[in-house]
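Fold and geometry: a report
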Amino acid sequence: MSNRAAPSPPWAEQWDADDPGFWARGGQHVARRNLLLAAVCGHLGLSVRGMWPVIVLFLPAGGGAVAGPGPGEKFLLLVTPVVAGAALRPAAGRAFARLGGRDRTAVTTAALALPGLAAVYVLQRPGAPLWLLLAAAATAGAGDAAAASPAGAAASYPRRARARALALATAGGDLGLASAQLAGLLAAVTAGGSSPALIAAVHIPLTVLAALVAALRMDNLPGRVADADAGAGARRRAGTDPHSVWLPLLFLATVGSFTGYGLAFGLVLRHEFGVSALVALACALPATLLGAAARPCGGWLAGRWGGARVTLGSLSGMAVGTAVLAAASSRGSAGVFGAAFAVLIVLGGVGAGAVVTVAPAVFAARAGEAILSGQDARTAFAAARRRTAGAAALTGPAGALGAAAIGLSLGAAYDAGSPAPALWGLLGLYALCAAITWTAYARRETAPTARRYRAGSGEPVHP
């Protein structure tokens, strides 16, 4: 194979990334280019999804259509794109299942222009009713469909390198919210926050350009990996496993906190201390960047010490941080409150990076037990991969549910006048999840076992 792009007819030749000769003759070059472009499109997808948490900072305070949305309504606007995206992503996956990577990425990226246009339209109409704002915010859930592009591109890598390729690509996606916050800072500096529609408008040409580049430079790579998507059967099998209860709860607490706190930080500062949108964004942006950096660090720590152990440490730290946050809120200490909130985002990122390694390690260990009992190794590890993919179908929506729960609980608490009830409730959630992590996973886990299994593959790592 040459270093040129794959032939124009989709999947015209057999793609065999696990063949070293095929990979060296040009497969690596094609796969890297596709992964890079998919990562850029995924980043834009999460940036579009993160527009509304920034836009709400510029909406007028108060309640009613003229004065602007109230605190609870703003938090509802903040989480609507996350909930809509979690609901849209499985349907989009089925709808685009027959498309190759290039076509799927180009279509989902081009669709990101719609949320930008909808936001510009509704924000230029003062006094727009809440239902119209919610409808416009819901269209930003299309960003989740675009954010799935790196996973498809990573599937074209050799199995041994697939998890690392996906981790590198999704790390750029975690910076999507930071890009939206940067656009908000520029809008606040240049226009004084008088036109939040600028935050949405700047995304429109970027998404159109990215979709055009994806259509021209990406490839419909052949040979989709059969176990890359779980399918209905795998989801049903995962639903009968006891881990299908515990793992989604851990994702709800860790991934949900990482996403939810990151989205809510600026708005919480506005309601808690009355700071301007510019100050709120200036505080939220560094915390978002630190959280995005903490997520791959969580995966790295999990590889050394075990995913359950690192998840347990993250949950314990978040419980302590939430108690500090509640105390700082009651005393009106802005510095301690902001620092504790940033630490919670970072700890959530560490937990989000670690918890994704728990399911592969659990099911790989179960495959090892099956092999010792006489089962064929290839069959046992194939079953482990199917169970891991089935668990992912359940844990993915749990993270979005956790982010929504954090946003809605904080909104209800601020409507009532204080965030304390929501914070104490979250502390209880972290304590419960820490107890589950210790009981079900961490006390049985040893670091050497955790290192023997590559996250996301369900197969042993050979030294």
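Everything that follows concerns the structure shown earlier in this document.
Attention in this report is confined to the structure presented alongside it. Being a predicted model, the structure only gives us computed values, none of them experimental.

The rules behind these values
Position numbers for residues count from 1 along each chain, tracking the sequence in the order it is written. The predicted nature of this model means local features are confined to residues of pLDDT at least 70 and side-chain atom pairs, given and counted, to a pLDDT of 80 or more, with totals for whole chains, interfaces and linings taken over all residues. Hydrogen atoms and water are omitted, and side-chain values are computed over all heavy atoms in the structure. Under the scheme used here, helices are H or I runs from DSSP no shorter than 4 residues and strands are E runs no shorter than 2 residues, and both carry numbers assigned from the N terminus. Burial classes: relative accessible area under 20% of the type maximum marks a residue as buried, over 50% as exposed, and values in between as partly exposed (1.4 Å probe, protein chains only). By definition, residues are in contact when any of their heavy atoms lie within 4.5 Å. Here, Shrake-Rupley sampling with a 1.4 Å probe gives the accessible areas, and only protein chains in the shown set may cover a residue. By definition here, a salt bridge exists when the distance from a side-chain nitrogen of Lys or Arg to a carboxyl oxygen of Asp or Glu is within 4 Å. Think of a polar contact as two N or O atoms within 3.5 Å of one another; within protein, one of them needs to be a possible hydrogen donor and the other a possible acceptor, and neighboring residues in sequence only count if both atoms come from side chains. Only centres within 6.5 Å qualify two rings of Phe, Tyr or Trp (six-membered ring in Trp) as a pair; their planes then separate them into stacked at under 30 degrees, edge-to-face at over 60, and tilted for everything else. Think of a patch as exposed residues, more than 30% relative accessible area, with no salt bridge, where like charges cluster within 9 Å and nonpolar side chains (Val, Leu, Ile, Met, Phe, Trp, Tyr) cluster within 5 Å. Note on bend: at a given residue it equals the angle between the axes fitted to the 7 residues ending there and to the 7 starting there. Nonpolar cores are built from buried Ala, Val, Leu, Ile, Met, Phe, Trp, Tyr and Cys residues. Side-chain atoms within 4.5 Å join them into one set. Here the axes come from fitting lines to C-alpha atoms, over the contacting stretch only for helices, and the angles between their N-to-C directions go from 0 to 180 degrees. Note on angle classes: values under 35 degrees are labelled roughly parallel, values over 145 roughly antiparallel, values of 65 to 115 roughly perpendicular, and the remainder oblique. Residue polarity is assigned by list, with Asp, Glu, Lys and Arg as charged and Ala, Val, Leu, Ile, Met, Phe, Trp, Tyr, Cys and Pro as nonpolar; anything else, Gly included, falls into the polar class.

With respect to the overall build of the chain
- Helix and strand counts for the chain come out as 22 helices and zero strands.
- The 463 residues of the chain split such that 52% are buried.
- Long-range pairs, those at least 24 residues apart, make up 81% of the contacts in the chain between residues at least 6 apart in sequence.
- In the form shown here, the chain has an accessible surface area of approximately 19500 Å², with 66% of it arising from carbon and sulfur atoms.

So, the pattern of salt bridges
- Inspection of the entire model under this criterion finds four salt bridges.
- Ionic pairing is found between R49 and D144, a salt bridge with its closest N-O pair at 2.9 Å. Of this pair, R49 sits in helix α1 (residues 20–49) while D144 sits in helix α8 (residues 142–147), and the two are 95 residues apart along the sequence.
- Take R49: its relative accessible area is 16%, and that puts it in the buried class.
- Exposure remark for D144: the relative accessible area of 6% places this residue in the buried category.
- For R295, the salt bridge is made with D174, and the minimal N-O distance between the two is 3.3 Å.

Focus: the side chain of N34
- Within the secondary structure layout, N34 lies in helix α1.
- Here the side chain of N34 touches D219 through a polar contact of 2.7 Å, landing on its backbone nitrogen.
- For N34, the contacting residues outside a window of four places in its chain are A153, M218, D219 and L221.

Observations regarding the side chain of T259
- For T259, the position within the fold is in helix α15 (residues 243–273).
- Residue class for T259 comes out buried when judged on its relative accessible area of 16%.
- In contact with T259, other than residues within four places in its own chain, are R49 and A403.

Here we look at the packing of aromatic side chains
- The tally for this structure, following the rule as stated, stands at seven aromatic pairs.
- Summarising the aromatic geometry, the rings of F337 and F341 are spaced 6.0 Å apart at their centres and angled 40° between planes, so their arrangement reads as tilted. With F337 and F341 both in helix α18 (residues 334–355), this residue pair falls four residues apart, about one helical turn. The pair F337 / F341 is uniform in exposure class, with both members buried.
- Pairwise contacts between aromatic rings join Y261, F265, F273, F337 and F341 into one cluster.

Observations regarding a nonpolar patch on the surface
- On the surface, V320, V324 and V336 cluster together into a nonpolar patch covering about 230 Å² of accessible area.
- If you trace the backbone, V320 turns up in helix α17 (residues 307–331).

Looking at the environment of A340
- As for its placement among the helices and strands, A340 is situated in helix α18.
- Spatially, the C-alpha atom of A340 lies 9.6 Å from that of A326, the residues being 14 residues apart in sequence.
- With residues up to four places along the chain from it excluded, the contact list for A340 reads G321, V324 and L325.

Points about α1
- Its maximal kink placed at G26, α1 deviates by approximately 65°.
- Most of α1 sits out of view: 21 of its 30 residues are buried.
- Capping the start of α1 is the job of one residue whose side-chain oxygen sits 3.2 Å from the backbone nitrogen of G21: D19.

Quick word on the nonpolar core
- Membership of the largest hydrophobic core comes to 122 residues, with the highest contact counts inside it found for W52 and Y430.
- The element that contributes the greatest number of residues to this core is α15, accounting for 14 residues.
- Those residues in contact with W52, other than ones at most four positions away along the chain, are L77, P81, A119, V122, L123, L133, A136, A137 and A140.
- Formed by five residues, the second largest nonpolar core is a distinct cluster that contains A294, A302, V310 and A354.

A word on helix α6 (residues 113–123)
- Of all 11 residues in α6, eight are buried, a share of seventy percent or more.
- Those residues of α6 not exposed but buried are A113, P115, G116, A118, A119, V120, V122 and L123.

Remarks on the packing of helix α20 (residues 377–416) against helix α21 (residues 420–440)
- The interhelical angle for the contact between α20 and α21, taken along N-to-C directions, is 150°, at an axis separation of 9 Å. Judged by the angle between their axes, α20 and α21 are roughly antiparallel. Here I406, S409, L410 and A413 of α20 lie close against α21, whose contacting residues are A422, L423, L426 and Y430.
- Residue composition of the contact of α20 with α21, by class: seven nonpolar, one polar and no charged.

Nothing here speaks to function; it is all geometry.
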